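Observations on chain architecture
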Amino acid sequence: IYTALGYLSVSVFMFITGFGLMMRHMAFEGYFANYLRNRILPIYCLYVLLIAIYSLLKLVVGKGFTIVELLMSFGFGETIVPFGWYLQVCILFYLFFYISFKLVKQPVIGILINCILILTYCLIAYLMNMSSTWFECSLSIIVGMIMAMLNTKVSVFSKQKQVVFLVIAGLVFVITFVFSGYKGISTEIRLLFKVFSSVYFSITVYFISCFVSLKGR
């Protein structure tokens, strides 16, 4: 249960990240003017501070770490900071978003480039035998961007449509979630089900929020 709550929570955070980035990009013409300074630098500075704190704590309590582990903590792929992988991945995905939408102005093509970059990252992480934690929720950020584009249309759906989409997303989530833990299939197939369950959980949460908003009108 703890593991499930963990990756599903990360999936929702990824969805919100993609949704928020896309909404701001569509709302503000000069969004990328100070993007690196305002979006990426604060996160990296916080992360560096956490590296310093945990390095000191590990030395104090006698839990050692290698120079390689410390150096990689400042980069990508390993970290001495508990759950520091999440900050590393967020920084990487913020960079992907920046690159994608600096290259093109059309939202659809920008999302497509983003999708290619993230899928390439997932493939490389998988081939390098990195823990699935590093990439299993990555597609949720793409789905968040897509739903941000469709948000205006979805927000005017009737109550009945909201419920239909909520039920469909919820059912797909339950099915994929169950199969993600089914031992009768290969590890690779279970991982795919886990990826899709994270995506559909985020979509389910999105439609719940839309339904709640509609009910409050």
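Okay, so let's go over this structure. (Residues numbered from 1 in each chain as written. Predicted model: local features only at pLDDT ≥ 70, side-chain atom pairs only at ≥ 80, totals over all residues. Heavy atoms only, no water.)

**Some details on unusual backbone geometry**
Worth spelling out the cut-off: Strands are runs of DSSP state E lasting at least 2 residues, helices are runs of H or I lasting at least 4, and numbering of each runs from the N terminus. Think of it in three bands: residues with accessible area under 20% of the maximum for their type are buried, residues over 50% are exposed, and the middle band is partly exposed, with areas taken using a 1.4 Å probe on protein chains only.
Phi angles above zero are rare outside glycine, and Phe-83 is one such case at about 60°. Summarising the element assignment, Phe-83 is placed in the loop between α3 (67-73) and α4 (84-103). For Phe-83, a relative accessible area of 61% translates into the label exposed. Positive phi values are uncommon outside glycine, yet Asn-129 reaches one of about 60°.

**Re the pattern of salt bridges**
Put simply, the rule reads: Criterion for a salt bridge: a side-chain nitrogen of Lys or Arg within 4 Å of a carboxyl oxygen of Asp or Glu.
One pass over the full model with this rule turns up 1 salt bridge. The closest approach of N and O atoms between Glu-136 and Lys-194, which form a salt bridge, is 3.2 Å. Residue Glu-136 is found in the loop between α5 (107-127) and α6 (139-155), and its partner Lys-194 is found in helix α8 (residues 187-215); the two are separated by 58 residues along the sequence. On the basis of relative accessibility, which here comes to 5%, the residue Glu-136 falls in the buried class. For Lys-194, a relative accessible area of 17% puts it in the buried group.

**Details of the nonpolar core**
Defined as follows: Only buried residues count toward a nonpolar core. Its members are Ala, Val, Leu, Ile, Met, Phe, Trp, Tyr and Cys residues joined through side-chain atoms within 4.5 Å. Working rule for contacts: check all heavy atoms of both residues, and any pair within 4.5 Å makes them a contact.
Judged by nonpolar contacts, the single largest core of 55 residues is most densely connected at Met-14, Tyr-35, Phe-93, Phe-97, Tyr-121, Met-147 and Tyr-206. Where this core is concerned, the elements lending two or more residues are α1 (2-27), α2 (35-61), α4, α5, α6, α7 (159-180) and α8. Per element, the largest residue contribution to this core is 12 residues, and it comes from α4. In contact with Met-147, other than residues within four places in its own chain, are Phe-15, Phe-19, Val-154, Tyr-206 and Phe-207.

Read these as spatial facts, not as claims about activity.
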